[in-house]
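Close look at the chain arrangement
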Amino acid sequence: MVLRGKFIVIEGPDGAGKTTQSKLLSQFLHSKGIKYLYTREPGGTKTGDKIRDILLNPESKISNMAECLLYASARAQLVNEIIQPALNEGTWVIADRYLHSSIVYQGMGLDLGIDIVEDINKIATTGLMPDVTFLIDLDTNTSLGRINRSKDRIESRGEVYFRKVREGYLNLAEKYGMIKIDGNKSVEEISLELIKNIPLK
Ligand SMILES: Nc1ncnc2c1ncn2[C@@H]1O[C@H](COP(=O)(O)OP(=O)(O)OP(=O)(O)O)[C@@H](O)[C@H]1O
Ligand SMILES: Cc1cn([C@H]2C[C@H](O)[C@@H](COP(=O)(O)O)O2)c(=O)[nH]c1=O
């Protein structure tokens, strides 16, 4: 019998350091001889990458509910095509964002409501939940200050929206059993904290 792979999610506001930490965690799993794959959202499949282009393009006109459903559609494809098959064959998955992002950015940030976003995403993911979820928490000024490229459609929403996003994550952390990590720490310190909490057994 093949042992199911572990599903690890790294969450947090834009610029918190998720991608940096995903790479370091990937290196750690590789050093342990663990087969893994990395996903980022939205995207990670051909269909999902097309949806990503629509969602992040500043020219796109998208209603709040359409935005929520597009993120959920990309996620449904990612779970069906990549994540669930990988876990079933024993491969670990490191996910740079998962449904928590939708609850926070669309449910709280856009005021669509937590319940409806949770319901939509339960359907989209067939109820698949992570084994471990990390929340890299960082104050809004610092996290936005770390984005040094042209801003996409979501990033252009400005400070008030991103304060709601940060607060949203902090409010959601307990309900979803997220392991909160201080994003002000050094890259190396954060990486060690993640590794400490990885369920190797
Ligand atoms: N602990 C840290 N201390 C200082 N700078 C950091 C730290 N972690 C990451 N950075 C830097 O902050 C910037 C954003 O990091 P990264 O791309 O990993 O964040 P992210 O959470 O994936 O962002 P996004 O959600 O916008 O893709 C990068 O320039 C990265 O080098
Ligand atoms: C999954 C997901 C993402 N978002 C937002 C968060 C970011 O602003 C972008 C993704 O860009 P990244 O640089 O790859 O982090 O999309 C969202 O609003 N809702 C979601 O479900």
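What counts, and at which threshold
Residues numbered from 1 in each chain as written. Chains lettered and ligands numbered in written order. Predicted model: local features only at pLDDT ≥ 70, side-chain atom pairs only at ≥ 80, totals over all residues. UniProt positions renumbered as here; feature names shortened; annotations may be inferred. Helix = DSSP H or I, 4+ residues; strand = E, 2+ residues; numbered from the N terminus. Rg over C-alpha atoms; globule rule 2.2 N^0.38 Å. Buried ≥ 20, exposed ≤ 12 C-beta atoms within 10 Å, placed from the backbone. Contact = placed C-beta atoms within 7 Å. Near = placed C-beta within 6 Å. Pairing = 2+ DSSP bridges. Axes fitted to C-alpha atoms, helices over the stretch in contact; angles between N-to-C directions. Parallel < 35°, antiparallel > 145°, perpendicular 65-115°, else oblique. Left-handed = near helix turned anticlockwise from the far one by under 90°. Nonpolar A, V, L, I, M, F, W, Y, C, P; charged D, E, K, R; others polar. Core = buried A, V, L, I, M, F, W, Y, C linked by C-beta atoms within 7 Å. pLDDT = per-residue confidence, 0-100.

The protein chain carries the name Thymidylate kinase in an unreviewed UniProt entry, which gives Alkalicella caledoniensis as its organism. Regarding the protein chain, the relevant UniProt record gives this comment under Function (unreviewed entry): "Phosphorylation of dTMP to form dTDP in both de novo and salvage pathways of dTTP synthesis."

Overview of the overall build of the protein chain
In terms of helices and strands, the protein chain carries 8 helices and 5 strands. Helices and strands in the protein chain line up, N terminus first, as β-α-β-α-α-β-α-α-β-α-α-β-α. For 201 residues, the compact-globule formula gives about 17 Å, and the C-alpha radius of gyration of the protein chain, at 16 Å, lands near that figure. Each principal axis of the C-alpha distribution contributes one length, and for the protein chain these read about 45 × 35 × 30 Å. Out of the 201 residues in the protein chain, the part that is buried amounts to 39%. Of all intrachain contacts in the protein chain linking residues separated by at least 6 positions in sequence, the fraction that spans at least 24 positions is 81%.

Focus: the site of ligand 2
Around ligand 2, a shell composed of Asp-14, Arg-40, Glu-41, Pro-42, Tyr-71, Arg-97, Ser-101, Ser-102, Tyr-105, Gln-106, Ile-154 and Glu-155 is seen. Ranked by the residues each element gives to the shell around ligand 2, the list is headed by helix H4 (residues 99–108), at 4 residues.

Regarding the UniProt feature "domain: Thymidylate kinase-like" (unreviewed entry) in the protein chain
If you check UniProt for "domain: Thymidylate kinase-like" (unreviewed entry), the listed places come out as residues 10–191 in our numbering. Its end C-alpha atoms 12 Å apart, residues 10–191 is made of 53% helix and 12% strand.

Quick word on the sheet that holds strand E4 (residues 132–137)
Within the open sheet, the 5 strands sit side by side as E2-E3-E1-E4-E5. Their pairing is parallel. At either margin of the open sheet sits one strand with a lone partner, and together these are strand E2 (36–40) and strand E5 (179–182). Here the strands of the sheet are splayed against their neighbours by 20° on average, with no regard to which way each runs. As paired elements, E4 and E5 share 4 bridges and run parallel to each other. Bridging from a neighbouring strand, Asp-137 pairs with Asp-182 of E5. Contacts from helix H1 (residues 18–31) reach strand E1 (7–11), E2, strand E3 (92–96) and E4 within the one sheet, and its direction differs from that of E3 by about 165°.

Let's talk about the packing of helix H2 (residues 46–56) against helix H3 (residues 64–88)
It is the contact of H2 with H3, at a shortest axis distance of 9 Å, that shows an interaxial angle of 160°. Considered as vectors, H2 and H3 are oriented roughly antiparallel to each other. When you trace H2 past H3, the crossing you get is left-handed. Residue-level inspection shows Thr-47, Gly-48, Ile-51, Arg-52, Ile-54 and Leu-55 of H2 in contact with H3, the latter providing Glu-67, Leu-70, Tyr-71, Ser-73, Ala-74, Gln-77 and Leu-78. Among the residues making up the contact of H2 with H3, the classes are represented as 7 nonpolar, 4 polar and 2 charged.

Regarding the nonpolar core
Among the nonpolar cores identified, the biggest contains 42 residues, and Ile-8, Val-93, Ile-94, Phe-134 and Ile-136 are the most heavily contacted of them. Contact partners of Ile-8, with chain neighbours within four places excluded, come to Trp-92, Val-93, Ile-94, Ala-95, Pro-130, Asp-131 and Val-132.

Things to note about the confidence of the model for the protein chain
Overall, the predicted model of the protein chain reaches an average pLDDT of 97, with 100% of residues at or above 70. Overall fold confidence for the complex sits at a pTM of 0.98, while the interface term, ipTM, reaches 0.98.

Brief notes about the site of ligand 1
Residues in contact with ligand 1 amount to 13 residues; listed here are only the nearest, Asp-14, Gly-17, Lys-18, Thr-19 and Thr-20. Elements with a minimum of two residues in the shell around ligand 1: H1 and helix H8 (187–196). Top contributing element to the shell around ligand 1 by residue count: H1, with 3 residues. Of the residues contributing to the shell around ligand 1, the split by class is 4 nonpolar, 6 polar and 3 charged.

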